[in-house]
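Residues per chain, in single letters:
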Amino acid sequence: MLKKEKPMKVDSPGVALIICSPSGGGKSTLISKLIRDFPNFSFSVSYTTRHARPEEQHGRDYCFVEPSEFERLVQNGFFAEWATVHGKSYGTPLQPVLDTLASGRDMIFDIDVQGAAQLQSSIKSQVSIFLFPPSRQILEQRLSKRGSEDPQKRKARLQAAYAEIEAAPMFTYWVLNQDLHTAYERLKSIYLAEKCRSKRNQALLHAVLATWKA
Ligand code: ADP
Ligand code: 5GP
């Protein structure tokens, strides 16, 4: 179900890197590596009504809120986008996106395909990447090894993965997450290439030309 939030048109030299995959596809793992290696990234901390996993911290991984609070935030236009995923609500707060991108910093989003569709149409500087698991069997093994869901919830996430993978054509880049190191190198290459786009580097042109006039 696609939820329409208030129109937002954000243009910025900063990269808004949208990373999507089925649950267990490797988003959190790869995003934490990117954030460690590139301090210019801010992570978009989503709000959710699901419960925190043992290793998760409120305010760092997610803001965990009650459904009534989430609904109040929706009514107040707090979110850039929000969606129901695996039966829980998830949303991207709008103001940090505006502040981060306006300051020229880069922002990274771990969101589902519904959220990605909404941000693709509202953030001009977005770059979208879909991570593929190698197979259903490997995805199941990874989810089960992570152990964050009971078998019933894990099964539902695996079922949902099929439709999520079918949505991959809406993403600009595809990365296969088989070997973690290879996937990370590809992700990094995409980011670095996007940082070199001429449209993001107009200040460089002017700065170098200015040295001829000094
Ligand atoms: P997501 O954030 O997309 O739900 P995670 O990053 O939590 O996925 O990854 C799910 C599990 O799979 C984690 O336990 C992670 O350590 C593991 N994992 C991720 N990528 C790989 C990989 N390339 N090879 C082996 N295990 C992986
Ligand atoms: P998890 O419960 O495994 O952390 O996340 C479940 C799904 O919700 C993942 O696909 C994740 O990318 C997505 N998700 C997390 N935050 C947001 C958000 O703010 N908006 C949307 N649309 N999806 C989100």
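This section reports on the structure supplied with the text.

Calculation rules
Residues numbered from 1 in each chain as written. Chains lettered and ligands numbered in written order. Predicted model: local features only at pLDDT ≥ 70, side-chain atom pairs only at ≥ 80, totals over all residues. Heavy atoms only, no water. Phe/Tyr/Trp six-rings, centres within 6.5 Å; stacked < 30°, edge-to-face > 60°. Helix = DSSP H or I, 4+ residues; strand = E, 2+ residues; numbered from the N terminus. Buried < 20%, exposed > 50% of the residue type's maximum accessible area, 1.4 Å probe, protein only. Patch = residues over 30% accessible without salt bridge, like charges linked within 9 Å, V, L, I, M, F, W, Y side chains within 5 Å. Areas by Shrake-Rupley, 256 points an atom, 1.4 Å probe, with all protein chains shown as cover. Salt bridge = Lys/Arg side-chain N within 4 Å of Asp/Glu carboxyl O. Near = heavy atom within 4 Å. Polar contact = N/O pair within 3.5 Å; in protein donor to acceptor, adjacent residues only side chain to side chain. 1 Å grid on protein atoms, 1.4 Å probe; cavity = no way out; pocket = protein on both sides within 12 Å on 5 of 7 lines; lining within 4 Å. Sits in = over half its atoms within 2 Å of the grid points. Nonpolar A, V, L, I, M, F, W, Y, C, P; charged D, E, K, R; others polar.

1. Some words on the packing of aromatic side chains
So, point 1. Tallying each qualifying case throughout the model produces twelve aromatic pairs.
So, point 2. Judged by centre distance (5.0 Å) and plane angle (75°), the rings of Tyr47 and Phe78 are edge-to-face. Of this pair, Tyr47 sits in strand β3 (residues 46–48) while Phe78 sits in the loop between α2 (67–75) and β5 (79–85), placing them 31 residues apart in sequence.
So, point 3. The exposure class assigned to Tyr47 is buried, which follows from its relative accessible area of 17%.
So, point 4. Ring geometry for Phe70 versus Trp82: centroids 5.9 Å apart, planes at 70°, classification edge-to-face. Taken together, the residues span a long stretch of sequence, with Phe70 in helix α2 and Trp82 in strand β5 at a distance of twelve residues.
So, point 5. Given the relative accessible area of 2%, Phe70 is considered buried.

2. Considerations on a nonpolar patch on the surface
So, point 1. Where nonpolar side chains cluster on the molecular surface, the patch consists of Leu204, Val208 and Trp212 and spans about 370 Å² of accessible area.
So, point 2. Of note, Val208 is situated in helix α8 (residues 202–213).
So, point 3. You can call Val208 partly exposed: its relative accessible area is 41%.

3. Structural notes on the site of ligand 2
So, point 1. As a matter of local geometry, ligand 2 sits amid 17 residues, with Ser46, Arg50, Tyr62, Tyr90 and Asp110 nearest to it.
So, point 2. In the environment of ligand 2, an oxygen atom lies 2.9 Å from a nitrogen or oxygen atom belonging to the side chain of Arg53.
So, point 3. Tyr62 places a polar side-chain atom, nitrogen or oxygen, 2.6 Å from an oxygen atom of ligand 2.
So, point 4. Relative to its free-state accessible area of 510 Å², ligand 2 is covered by the protein chains to the extent of 96%.
So, point 5. Judged by the fraction of its atoms near the pocket grid, ligand 2 is located in the largest pocket.
So, point 6. For the shell around ligand 2, the elements supplying multiple residues, two or more each, are β5 and β6 (88–93).
So, point 7. Taken together, the residues of the shell around ligand 2 sort by class into five nonpolar, five polar and seven charged.

Limitation: the analysis is restricted to geometry and does not speak to function.
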